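Reading the structure
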Amino acid sequence: MLKRVQNCLFYKSTRKSRTLYLHIEEDMLYFCQGTLKGIAKESEGNSQADQTDGRELRSMAKVAYVRVSTEEQNEARQIEALKGYGIDKYFTEKISGKTTKGRKQLESMLDYVRESDTVYIESFSRLARNTADLLDIMKKLEAKKVHVVSCKERIDTSTAAGKMMLTMIAAIYEFERDCLKERQREGIAIAKANGKYKGGARKEKPSDWEDMKAKYKQRELSVTDLAAACGVSRPLIYKWLKE
């Protein structure tokens with residue numbers, strides 16, 4: 001095609017140049033059509049490939065997490081409170097919030113959300129019943145660049161005010177922990193001064209520990225067997241084995 005353009009420029013005044021010019025236009029049309037078809041095919045391929053966990057990639061999904069503690073309780077109140085936010089997907093479960101263990105819907109929600117998504121909750125107590133677990137969950141969501149909106153507390157972590165409130169919650173938790181440890185140390189010091197503090201009794205290895213350890217190395221005894229025979233915990237057995 002480049003050669004035809006050069007010829008066309010050289011024979012500009014001739015009939016041949018007009019013929020070549022028409023050929024150039026025709027070649028350029030075919031070239032553009034082929035390019036557009038290639039782009040369309042590539043776009044279609046990317047659309048089919050853009051799947052994550054069985055769902056198409058999407059931006060800024062609104063996800064709700066709803067939890068009640070017992071089977072007798074009803075989650076309708078929480079769902080009603082979240083109705084005005086245009087929720088795309090709900091994760092609902094009936095389980096205690098004392099711990100994060102065994103909460104399958106919470107785990108599914110944390111796995112589902114992607115960057116720029118927003119998680120809506122009726123209150124922070126729905127995520128966790130203690131500050132340590134709450135901060136751990138919030139840390140996981142923050143690491144995935146997911147925002148959280150709590151209706152009751154009126155906190156939105158996508159805003160400067162929301163981020164400040166979350167920082168304050170974390171600071172208060174650390175302050176409470178430090179105060180608890182300080183009170184514990186003061187109490188121990190007073191008890192020691194009054195001769196009332198004895199502390200935990202140190203566990204001693206049994207006299208035949210070396211024989212038991214040898215049997216463990218020969219796979220004749222397990223850690224559980226050793227713990228039962230010595231009357232101590234498994235972590236202490238592991239500590240003794242490392243010594």
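Further up the page is the structure itself.
Below is a short write-up of the structure. It should be emphasised that the depicted structure is a prediction, and the values quoted were computed from it without experimental measurement. The numbering scheme is per chain: residues are counted from 1 as the chain's sequence reads. The model is predicted, so local features are restricted to residues of pLDDT at least 70 and side-chain atom pairs to those at 80 or more, both for listing and for counting; the totals for chains, interfaces and linings are taken over all residues. As a convention, hydrogens and water are excluded, and side-chain values are obtained from all of the structure's heavy atoms.

**Let's talk about the nonpolar core**
Nine residue types can take part in a nonpolar core, namely buried Ala, Val, Leu, Ile, Met, Phe, Trp, Tyr and Cys, and a core is a set of them joined through side-chain atoms within 4.5 Å. Burial status follows relative accessibility: with a 1.4 Å probe on protein chains alone, a residue under 20% of its type maximum counts as buried, one over 50% as exposed, and anything between as partly exposed. Counting 21 residues, the largest nonpolar core has Met 109, Val 119, Leu 127 and Leu 141 as the members making the most contacts within it. Those elements that place two or more of their residues in this core are strand S3 (62-68), helix H4 (104-112), strand S5 (118-121), helix H5 (124-127) and helix H6 (131-143). We call two residues in contact whenever any of their non-hydrogen atoms come within 4.5 Å of each other. When sequence neighbours within four positions are dropped, the list of residues in contact with Met 109 reads Val 63, Tyr 65, Phe 91, Val 119, Leu 127 and Leu 141. In terms of nonpolar packing, the next biggest core, distinct from the first, is built from 11 residues, Trp 209, Met 212, Trp 240 and Leu 241 among them. To qualify as a helix, a DSSP run of H or I must reach at least 4 residues; to qualify as a strand, a run of E must reach at least 2; elements of each kind are numbered from the N terminus.

**Let's talk about the packing of H4 against H6**
Axis definition: a line fitted to C-alpha atoms, over the contacting stretch in the case of helices. Angles run 0 to 180 degrees between N-to-C directions. Direction vectors running N to C along H4 and H6 enclose 25°, while the axes themselves pass 10 Å from each other. Between H4 and H6, the angle falls in the class roughly parallel. Facing H4, whose interface residues are Leu 106, Met 109 and Leu 110, H6 presents Ile 137, Lys 140 and Leu 141. Note on residue categories: nonpolar means Ala, Val, Leu, Ile, Met, Phe, Trp, Tyr, Cys or Pro, charged means Asp, Glu, Lys or Arg, and polar means any other residue, Gly included. In terms of residue class, the contact of H4 with H6 is made up of five nonpolar, no polar and one charged. Every angle not falling under 35 degrees, over 145, or within 65 to 115 is termed oblique; those three ranges are roughly parallel, roughly antiparallel and roughly perpendicular.

**Details of H4**
Turning to H4, its buried residues number three or more, namely Leu 106, Met 109, Leu 110 and Tyr 112. Summarising the axial view, the buried residues of H4 lie within an arc of 165°, below the 170-degree limit, and thus occupy one face. The arc refers to the directions leading from the helix axis to the C-beta atoms.

**Remarks on the packing of aromatic side chains**
Only Phe, Tyr and Trp rings take part, Trp by its six-membered ring, and two of them pair if their centres are within 6.5 Å. Stacked means planes under 30 degrees apart, edge-to-face means over 60, and tilted covers everything else. In the structure shown here, the tally under the stated rule is three aromatic pairs. Plain terms: the ring middles of Trp 209 and Trp 240 are 5.4 Å apart, the flat faces sit at 75° to each other, and that makes the pair edge-to-face. With Trp 209 in helix H8 (residues 209-217) and Trp 240 in helix H10 (residues 234-242), the pair connects residues that are 31 residues apart, well separated along the chain. You'll find Trp 209 and Trp 240 in the same group, each marked buried. Residue placement shows Lys 89 over the ring face of Phe 91; its charged tip is 5.4 Å from the ring centre. Criterion for a charge above a ring: Lys NZ or Arg CZ within 6 Å of the ring centre, and within 35 degrees of the ring normal.

**Things to note about the packing of H8 against H10**
Where H8 contacts H10, the two axes come as close as 11 Å, and the packing angle between them is 95°. By the criterion of interaxial angle, the relationship of H8 to H10 is roughly perpendicular. Across the interface between the two elements, Trp 209, Lys 213 and Tyr 216 of H8 pack against Ile 237, Trp 240 and Leu 241 of H10. Grouping the amino acids of the contact of H8 with H10 by side-chain chemistry returns five nonpolar, no polar and one charged.

**What about the environment of Lys 152?**
Its location among the elements puts Lys 152 in the loop between strand S6 (147-150) and strand S7 (155-156). Not counting the four nearest positions on each side in its chain, Lys 152 is found in contact with Glu 122 and Ser 123.

**Some thoughts on the environment of Lys 213**
Note that Lys 213 resides in helix H8. Spatially, the C-alpha atom of Lys 213 lies 7.3 Å from that of Leu 241, the residues being 28 residues apart in sequence. With near-sequence residues (within four places) excluded, Lys 213 lies in contact with Trp 240, Leu 241 and Glu 243.

**Quick notes on the pairing of strand S4 (residues 89-94)**
A pair of strands is considered paired only if DSSP assigns at least 2 bridges between the two. The pairing of S3 with S4 spans six bridges and is parallel. Within the sheet, the bridge partner assigned to Val 68 lies in S4 and is Lys 94. Look down the strands so they point away from you; if going from the first strand over the helix to the second traces a clockwise path, that crossover is right-handed. Note on the crossover from S3 through helix H3 (residues 76-82) to S4: the handedness is right-handed.

**Focus on a nonpolar patch on the surface**
A surface patch of nonpolar side chains, about 370 Å² in accessible area, is lined by Met 164, Met 165, Met 168 and Ile 172. Within the secondary structure, Met 165 is located in helix H7 (residues 160-193). Judged by relative accessible area, Met 165 falls into the partly exposed class, the value being 34%. Put simply, a patch holds well-exposed residues, over 30% relative accessible area, that have no salt bridge, with like charges counted together within 9 Å and Val, Leu, Ile, Met, Phe, Trp or Tyr side chains within 5 Å. Note that accessible areas follow from Shrake-Rupley with a 1.4 Å probe, and for residues the cover is restricted to the protein chains shown. Criterion for a salt bridge: a side-chain nitrogen of Lys or Arg within 4 Å of a carboxyl oxygen of Asp or Glu.

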